[in-house]
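Read off the chains here:
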Amino acid sequence: MSKPAPYAYDGLDRVLHERARLSLLTSLAAHPKPLAFSDLKQLCGLTDGNLSRHLGVLEEAGLVEIHKGYEGRRPLTTCRLTPTGRQRFVDYLAVLERVVRDAAEAARRGDGRNDADPEPVPA
């Protein structure tokens, strides 16, 4: 039987755990209506290319929906979280909260040890 790994944090989703994608998901979660590409670009401080690439990753994973249309005669691309995307983001945040709690607790103790860890064995 393997030992428990209290700091493994298996719920840290690699698709979400990237600065730009985390910014995008947070922006989309904070706005219930779809956001225009230009608004996301400004909110997240990304270039057109970076934004397109990260939105593509999130869309491929089923986390966001992208709609390309027109507003009058001008092209308009909008994005929104899917229900699956919202749930995965909420689940991811719960794991991040656990990471922060564990790290803060270890920092307060000052020894970097978890109370559940066995005592170190002398060499």
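Use the structure listed above.
Residues numbered from 1 in each chain as written. Predicted model: local features only at pLDDT ≥ 70, side-chain atom pairs only at ≥ 80, totals over all residues. Heavy atoms only, no water.

Enquirer: Any chance you could explain the sheet that holds strand β3 (residues 74-81) here in plain terms?
Expert: Backbone hydrogen bonds are what pair the strands of a sheet, in a parallel or an antiparallel way. The strand order across the open sheet formed by 3 strands is β1-β3-β2, and the pairing between neighbours is antiparallel. At either end of the open sheet lies a strand with only one pairing partner, and these are β1 (35-36) and β2 (64-71). As judged from the 8 bridges shared by β2 and β3, these two strands associate in the antiparallel manner. Following the sheet pairing, G69 is matched in β3 by L76. (Pairing = 2+ DSSP bridges. Helix = DSSP H or I, 4+ residues; strand = E, 2+ residues; numbered from the N terminus.)

Enquirer: Before we go on, may I ask you to explain the nonpolar core in this structure?
Expert: Nonpolar side chains tend to gather and get buried jointly when the protein is soluble and globular. Ranked by size, the top nonpolar core spans 19 residues in total, and within it L24, L25, L28, L40, L51, L55 and V64 carry the most contacts. Those elements that place two or more of their residues in this core are α1 (19-30), α2 (37-44), α3 (48-60), β3 and α4 (83-109). Broken down by element, this core gets its largest block of residues, 4 residues, from α1. The contacts of V64, once residues within four sequence positions are left out, are L25, L28, L55, L58, E59, R80, L81 and T82. (Core = buried A, V, L, I, M, F, W, Y, C linked by side-chain atoms within 4.5 Å. Buried < 20%, exposed > 50% of the residue type's maximum accessible area, 1.4 Å probe, protein only. Contact = heavy atoms within 4.5 Å.)

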